[in-house]
Amino acid sequence: VFTNAFYFQAMMISLKLSLISSVVGLLVGFQGAYSLYAIRETRFGQALVLINSLLSNFSGVPLAFAIMIVFGSAGVVTLLFQAFGIKLPLDVYSYSGILISYIYFQIPLAILLLYPAIESLKPEWQENAFLLGSSFRGYFVKVAIPVLAPALLGTFIILFANALGAYATAYALTNGNFNILPIRISSLIAGNLTLEPNMAAALALVLVSLMMMMTLIHQYLLRRYRE
């Protein structure tokens, strides 16, 4: 597995996709969760919470088809840009398109996971910080972030594992021609010419080991934080 350049490339691409989409999803999701919490009492805020709950389940093949309909070679946005003589700089069937699709389903999940954690921030803490002369930035950095650190770290691990094991979206967008671990495992099990169940089992073990390693790192950092 580690000496074959093709399989090693699949591991590297999977790790790169997972890392980038998890970081972007966490940053945007944190901002989204905090904004939703700020308007939680309004009807608009309650509607957005409901919509986000629906979007957190919008992934896999339906998401791939939606992206193709909107941004594909004959998609609505692509044809609209072509009508004005502009070539859309996004190829949804390439690495950049798959990365965007990963980020798309990571953001609602991050919001869903971080929203309850942000609710644990008590308004009195912010008021006391302001009374002691702190700015909002000082309160956010010295109070809010340390309190939310375990939730942020746990959310990152979940997002990373979610992206690392994602299969259907990338497969539907590229028809199985994109080199990531889940697609390689599937091709080695279901392929007629590339039927190698033992290699598929080895790759699956690598995938599980990567997820387990991330979980152990999370537990270690969480224990250090609590100490």
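These lines cover the structure that appears in this document, whether it is placed above or below. (Residues numbered from 1 in each chain as written. Predicted model: local features only at pLDDT ≥ 70, side-chain atom pairs only at ≥ 80, totals over all residues. Heavy atoms only, no water.)

**Quick notes on the overall build of the protein chain**
Each helix and strand in the protein chain was counted, giving 10 helices and zero strands. In sequence order, the secondary structure elements of the protein chain are arranged as α-α-α-α-α-α-α-α-α-α. Along the longest, intermediate and shortest principal axes, the C-alpha atoms of the protein chain span 70 × 50 × 25 Å. The buried share of the protein chain, taken over its 227 residues, is 39%. For the protein chain, the share of sequence-separated contacts (at least 6 apart) that also reach a separation of at least 24 residues comes to 70%. Surface exposure of the protein chain reaches about 13,000 Å², of which carbon and sulfur atoms provide 69%. Separation of charge centres in the protein chain, based on 11 positive and 7 negative side chains, amounts to 6 Å. (Helix = DSSP H or I, 4+ residues; strand = E, 2+ residues; numbered from the N terminus. Buried < 20%, exposed > 50% of the residue type's maximum accessible area, 1.4 Å probe, protein only. Contact = heavy atoms within 4.5 Å. Areas by Shrake-Rupley, 256 points an atom, 1.4 Å probe, with all protein chains shown as cover. Lys, Arg positive; Asp, Glu negative; His and termini not counted. Charge placed at Lys NZ, Arg CZ, Asp CG, Glu CD.)

**Quick word on the packing of helix α5 (residues 95–119) against helix α7 (residues 136–164)**
Axes are the key here: two packed helices are described by the angle between their axes and the distance separating the axes. Viewed as axis vectors pointing N to C, α5 and α7 meet at an angle of 155°, and their least axial separation amounts to 10 Å. When the interaxial angle is binned, α5 and α7 end up roughly antiparallel. Relative to α7, the crossing made by α5 is right-handed. Residues Tyr-102, Phe-105, Gln-106, Leu-109, Ala-110, Leu-113, Leu-114, Ala-117 and Ile-118 of α5 touch α7, and the partners they reach there are Leu-148, Ala-151, Leu-152, Thr-155, Ile-158, Leu-159, Asn-162 and Ala-163. Broken down by class, the residue content of the contact of α5 with α7 amounts to 14 nonpolar, three polar and no charged. (Axes fitted to C-alpha atoms, helices over the stretch in contact; angles between N-to-C directions. Parallel < 35°, antiparallel > 145°, perpendicular 65-115°, else oblique. Left-handed = near helix turned anticlockwise from the far one by under 90°. Nonpolar A, V, L, I, M, F, W, Y, C, P; charged D, E, K, R; others polar.)

**Considerations on a nonpolar patch on the surface**
A grouping of Val-61, Phe-65, Ile-69, Val-70, Phe-71 and Val-76 is seen on the molecular surface, where their side chains present a nonpolar patch of about 510 Å² in accessible area. With five residues, the single largest contributor to the nonpolar patch is helix α3 (residues 61–71). As for its position among the elements, Val-70 is in helix α3. With a relative accessible area of 30%, Val-70 lands in the partly exposed category. (Patch = residues over 30% accessible without salt bridge, like charges linked within 9 Å, V, L, I, M, F, W, Y side chains within 5 Å. Salt bridge = Lys/Arg side-chain N within 4 Å of Asp/Glu carboxyl O.)

**So, the packing of aromatic side chains**
Within this structure, the stated rule accounts for 11 aromatic pairs. With 6.5 Å between their ring centres and 70° between their planes, Tyr-34 and Phe-136 make a pair best called edge-to-face. Here Tyr-34, found in helix α1 (residues 5–38), pairs with Phe-136, found in helix α7; they are 102 residues apart in sequence, far enough to count as distant. Accessibility expressed as a relative area gives 18% for Tyr-34, which makes it buried. Given a relative accessible area of 39%, Phe-136 falls into the partly exposed group. (Phe/Tyr/Trp six-rings, centres within 6.5 Å; stacked < 30°, edge-to-face > 60°.)

**A short note on the side chain of Ser-22**
Within the secondary structure, Ser-22 is located in helix α1. One polar contact links the side chain of Ser-22 to the main-chain carbonyl oxygen of Ser-18, over a distance of 2.5 Å. (Polar contact = N/O pair within 3.5 Å; in protein donor to acceptor, adjacent residues only side chain to side chain.)

**Things to note about α3**
Within α3, burial applies to Leu-63, Ala-64, Ile-67 and Met-68. Relative to the axis of α3, the buried residues are bounded by an arc of 135° and lie together on one face. (Arc of directions from axis to C-beta.)

**Digging into the side chain of Asn-52**
By the element assignment, Asn-52 lies in helix α2 (residues 43–55). In terms of polar contacts, Asn-52 uses its side chain to reach the backbone carbonyl oxygen of Pro-108, at 3.3 Å. In this view, Asn-52 contacts Pro-108, Ile-111 and Leu-112; residues no more than four positions away in its chain are not counted.

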